[in-house]
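Structural characterization, general
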Amino acid sequence: MALMFFVVTLTINAQSANVMVGGEAMLPAKNIVDNAVKSKVHTTLVAAVTAAGLVETLQGKGPFTVFAPVNDAFENLPEGTVETLLKPENKATLTKVLTYHVVAGKYDFNALAALIKKGTKSVTTVSGGKLMIKMNGARNIQITDENGAVANVSTYDVYQSNGVIHTIDAVLLPKM
């Protein structure tokens, strides 16, 4: 009986660790892509990752930290931007924009907050650009791109088998 209680408790605790994003549970045992394709609020991001040929990379070992813009963030870009980026002839630009949202390593909220507390004001993206990070309240980190656009994290610490995702409300753009 005690063993059964222990197993049930472990199962409940494991299930409660799953973060809901886009109406779906994000499973820590799955990789970044496998979870992202389930999220109804990241369909544009998934389409872009596919068009850029980054699926295999983001399914790789990592670890990666991904700042994942929601569909609304893409809709707030100037009209025609997404359609233009998704054209095959713009694959290099699309790849640069997407990899600007990825940092090598696993930086959950606590790790990012610790960097900020130590005086670190930026993180380097996989594309080689910089994202400025700062605290905006006790439990809010703001991310500013190289052009001055600001994104807020709406969902922190969506753990993956190969890293962590933070859902953001704006698309970050590198200097082109």
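As a convention, each chain's residues are numbered from 1 in the sequence order in which they are written. Local features in a predicted model are, by the rule used here, given only for residues with pLDDT of at least 70; side-chain atom pairs are given and counted only at 80 or more, and totals for whole chains, interfaces and linings are based on all residues. No hydrogens and no water enter the side-chain calculation; it runs on all heavy atoms of the structure.

**A look at unusual backbone geometry**
- With an omega dihedral of 5°, the bond running from G62 to P63 counts as a cis peptide bond.
- Numbering of helices and strands runs from the N terminus, with a helix taken as a DSSP run of H or I at least four residues long and a strand as a DSSP run of E at least two residues long. With respect to the secondary-structure elements, P63 resides in the loop between α4 (55-58) and β3 (64-69).
- Of note in the backbone geometry, D157 takes a positive phi value of approximately 55° without being a glycine.
- Within the fold, D157 resides in strand β8 (residues 150-160).
- Here's how the labels work: a residue is buried when its accessible area is under 20% of the maximum for its type, exposed when over 50%, partly exposed in between, all with a 1.4 Å probe on protein chains only. A relative accessible area of 12% means that D157 is categorised as buried.

**Brief notes about the confidence of the model for the protein chain**
- Across the protein chain, the average pLDDT comes to 84, with 85% of residues at or above 70.
- The predictor attaches a confidence to each residue, and that confidence, scored 0 to 100, is pLDDT. Whether two residues touch is decided by their heavy atoms; if any such pair falls within 4.5 Å, the residues are in contact. Between residues 1-16, whose pLDDT stays under 50, and residues either more than four places distant or in other chains, the model counts zero contacts.

**With respect to the packing of aromatic side chains**
- Two aromatic rings from Phe, Tyr or Trp, using only the six-membered ring of Trp, form a pair when their centres are within 6.5 Å; if the ring planes differ by under 30 degrees the pair is stacked, by over 60 it is edge-to-face, and anything between is tilted. Tallied over the entire structure, the rule returns one aromatic pair.
- Summarising the aromatic geometry, the rings of F109 and Y156 are spaced 5.0 Å apart at their centres and angled 85° between planes, so their arrangement reads as edge-to-face. Of this pair, F109 sits in helix α8 (residues 109-117) while Y156 sits in strand β8, placing them 47 residues apart in sequence.
- Given a relative accessible area of 12%, Y156 falls into the buried group.
- A cation over an aromatic ring shows up here: R139 above the ring of F109, its NZ or CZ 3.9 Å from the ring centre.
- For R139, the ring lying beneath its charged end belongs to Y156, and the centroid distance is 5.3 Å. Consider the ring centre and the ring normal. A charge sits over the ring if Lys NZ or Arg CZ is within 6 Å of that centre and within 35 degrees of that normal.

**Here's the deal with the layout of surface pockets**
- Only protein atoms enter the calculation, which uses a 1 Å grid: trapped sets of points that fit a 1.4 Å probe without letting it out are cavities, open sets showing protein on both sides within 12 Å along at least five of seven lines are pockets, and any residue with an atom within 4 Å of a point is a lining residue. Grid points are joined across faces, edges and corners, and a volume is the space filled by probe spheres set on the points. In this structure, the largest pocket encloses a volume near 290 Å³.
- Forming the boundary of the largest pocket are 30 residues, of which I32, L45, V49, L58 and V66 lie nearest the centre.
- Among the secondary structure elements, those contributing two or more residues to the lining of the largest pocket are α2 (32-36), α3 (43-51), α4, β3, α7 (91-99) and β9 (163-168).
- If one sorts the elements of the lining of the largest pocket by residue count, β3 sits on top with five residues.

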